[in-house]
Amino acid sequence: MTPADTGASTVVDAASAASAVPDASDSRMAPGGPGYRRMSLALFLAGVATFALLYSTQALLPLISGDFGVTASDASWTVAAATGGLAVFVLPMSALSERFGRRTVMTASLAVAVTVGLLVPFAPSLPALVALRAVQGAALAGLPASATAYLAEEVRPRALVTAIGLFVAGNSVGGMSGRVITGWVAQEWGWRVAVGVIGLVAVACAVAFRLLLPAPKHFTPGSLRPRVLVRTVRDHLANPLLRRLYAIGALFMTVFGGVYTVIGYRLAQAPFSLPQGLIGSIFLVYLVGTVSASTAGRLVGRLGRRGALYLGAGTTAAGLLLSLAPSLPLVLLGLVLITAGFFAGHAVASSAVGKTAQHGRAQASALYQSAYYVGSSAGSTVGAVAFHSGGWAGTVGVGVLAVLGVVVITVSGSLAARRRVGDAPARTPSLSR
């Protein structure tokens, strides 16, 4: 997944302010130094486990629908409940990590999540499955809330970007491989065995994570002060630019969540009638998103933040419309465009959050993640409802409306910035760039 999924932009911005000059007295980890490789591998595996579990049912929804005799919109709650649980608990988990420690919170989160993951295959009904997935998502909130804070405290500034990159790579690998593996396993042995396999993989990752991750040496416990947290959150929500960035992240994810929740149903039906294994392999398209997210910085440099957002929205919309064609190559091309546009727009918005927040950047990033996963839950549910009532065209319609919302918000931000010209020099980045 992209930096916003892990709060990476917060840490990178903090690191850029630090001295790039190596300090021999600095006891923090660095490439080639004691513990660095163990730490990198541990967090990579944590990222794999987190996102493999979070989206483990997404490629299996048609099979879950058939097993329980429910509609696409009903089955989509197995995805929405997990991402919704993460959205609700990411901010509280960030506060707990300040008090009890990053490694403690990450270990506890993974322990609960993998335990629930081993229970998921035995869910006797859809409501039970949805409840288990909600608990799993809430537990997983402790990973993005704590991982980058651990890196900021334990890794030297010059090595920080590389270390974060490995954690983000684990997110991407876990999110993609979890969907692909479940697709092929489910084709032979059913969805319950498929999610059970992901649960076992996550157990192995969690055990290795705990054994490999070095004990923190630079963590200083803080007190849980709800008033301070509430004041910080209130300040962020009072910032018009941050509100726009949160909304843009949520709307982009509404498109993405809806498309990838429903696409399995469409490809399983005529005229495509693809087997479950090939449907799961569709998620290899995520690799396109990894590339587009990594080029977002260059896009902003050439087009400005507003231009990059317009390009991301336009590419996403073009992909949505192209996916309406009754041709598998055109549908796949549409998914490529949707994925590329989404990841580019998401990367631009998430990186702007860390630059915009003047204080409490961890909370600003957590709020973005909350909005992002609320969008994922909403997209999964609304997209499935639209598919049930209007077919793929209904899901595309929801996506197009969300993209239009991104454009309207970006335009409104540009107009607001122009009205401020001449009043005072802007102290925060603007969407008008």
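Note that this is a predicted model, so its numbers are computed, not measured. (Residues numbered from 1 in each chain as written. Predicted model: local features only at pLDDT ≥ 70, side-chain atom pairs only at ≥ 80, totals over all residues. Heavy atoms only, no water.)

Participant: Which parts of the structure should I look at to understand the environment of Ser323?
Facilitator: Along the chain, Ser323 falls in the loop between helix 15 (296-322) and helix 16 (328-356). The sequence separation of Ser323 and Gly334 amounts to 11 residues, and the corresponding C-alpha distance is 4.7 Å. One polar contact links Ser323 to Trp392, side chain to side chain, over a distance of 3.0 Å. (Helix = DSSP H or I, 4+ residues; strand = E, 2+ residues; numbered from the N terminus. Polar contact = N/O pair within 3.5 Å; in protein donor to acceptor, adjacent residues only side chain to side chain.)

Participant: What should I look at first to understand helix 7 (residues 126-140) in this one?
Facilitator: Taking 1.5 Å of rise per residue, the 15 residues of helix 7 would be expected to cover 21 Å, and the 21 Å separating its terminal C-alpha atoms lies within 8% of that figure. Three or more residues of helix 7 are buried, namely Leu126, Leu129, Val130, Arg133, Gln136, Gly137, Ala138, Ala139 and Leu140. (Expected span 1.5 Å × (residues − 1). Buried < 20%, exposed > 50% of the residue type's maximum accessible area, 1.4 Å probe, protein only.)

Participant: How should the side chain of Arg133 be read in this particular structure?
Facilitator: Examined against the element boundaries, Arg133 turns out to sit in helix 7. No salt bridge is formed by the buried Arg133. Its closest oppositely charged neighbour is Asp67, at 14 Å. Apart from residues lying up to four places away in sequence, Arg133 is in contact with Leu53, Leu54, Tyr55, Ser56, Thr57, Thr78, Val79, Ala81 and Ala82. (Lys, Arg positive; Asp, Glu negative; His and termini not counted. Salt bridge = Lys/Arg side-chain N within 4 Å of Asp/Glu carboxyl O. Contact = heavy atoms within 4.5 Å.)

Participant: Looking at this model, I keep getting lost on the packing of helix 5 (residues 77-100) against helix 6 (residues 102-119). Mind explaining?
Facilitator: The description of two helices packed together rests on the angle between their axes and the distance between the axes. Their axes nearest at 7 Å, the elements helix 5 and helix 6 cross at an angle of 130°. Viewed along their axes, helix 5 and helix 6 adopt a mutual orientation that is oblique. On the side of helix 5, the interface is formed by Met93, Leu96, Ser97, Glu98 and Phe100, while helix 6 contributes Arg102, Thr104, Val105 and Ser109. Of the residues belonging to the contact of helix 5 with helix 6, the class tally is 4 nonpolar, 3 polar and 2 charged. (Axes fitted to C-alpha atoms, helices over the stretch in contact; angles between N-to-C directions. Parallel < 35°, antiparallel > 145°, perpendicular 65-115°, else oblique. Nonpolar A, V, L, I, M, F, W, Y, C, P; charged D, E, K, R; others polar.)

Participant: For this particular structure, what's the right way to read the environment of Ser350?
Facilitator: In this fold, Ser350 is placed in helix 16. As a C-alpha pair, Ser350 and Gly249 span 101 residues in sequence and 7.3 Å in three-dimensional space.

Participant: Quick question: what am I supposed to make of the pattern of salt bridges here?
Facilitator: Close approach of charged atoms allows side chains with opposite charge to pair. Scanning the model with the defined rule gives 1 salt bridge in all. Notably, a salt bridge pairs Arg192 with Asp67, separated by 3.4 Å at the nearest N-O pair. Of this pair, Arg192 sits in helix 10 (residues 191-212) while Asp67 sits in helix 3 (residues 61-68), and the two are 125 residues apart along the sequence. A residue is classified by how much of its surface remains accessible, and Arg192, at 26% relative accessible area, is partly exposed. For Asp67, a relative accessible area of 41% corresponds to the partly exposed category.

Participant: Can you walk me through the packing of aromatic side chains in this structure?
Facilitator: How two aromatic rings sit relative to each other is given by the distance of their centres and the angle of their planes. All told, the structure shown has 11 aromatic pairs when counted by the stated rule. Arranged with centres 4.9 Å apart and planes meeting at 70°, the rings of Phe342 and Phe343 form a pair that is edge-to-face. The exposure classification of Phe342 matches that of Phe343, with both residues buried. Aromatic ring contacts, followed pair by pair, group Tyr246, Phe256, Tyr260, Phe283, Phe342, Phe343, Tyr368, Tyr372 and Tyr373 into a single cluster. (Phe/Tyr/Trp six-rings, centres within 6.5 Å; stacked < 30°, edge-to-face > 60°.)

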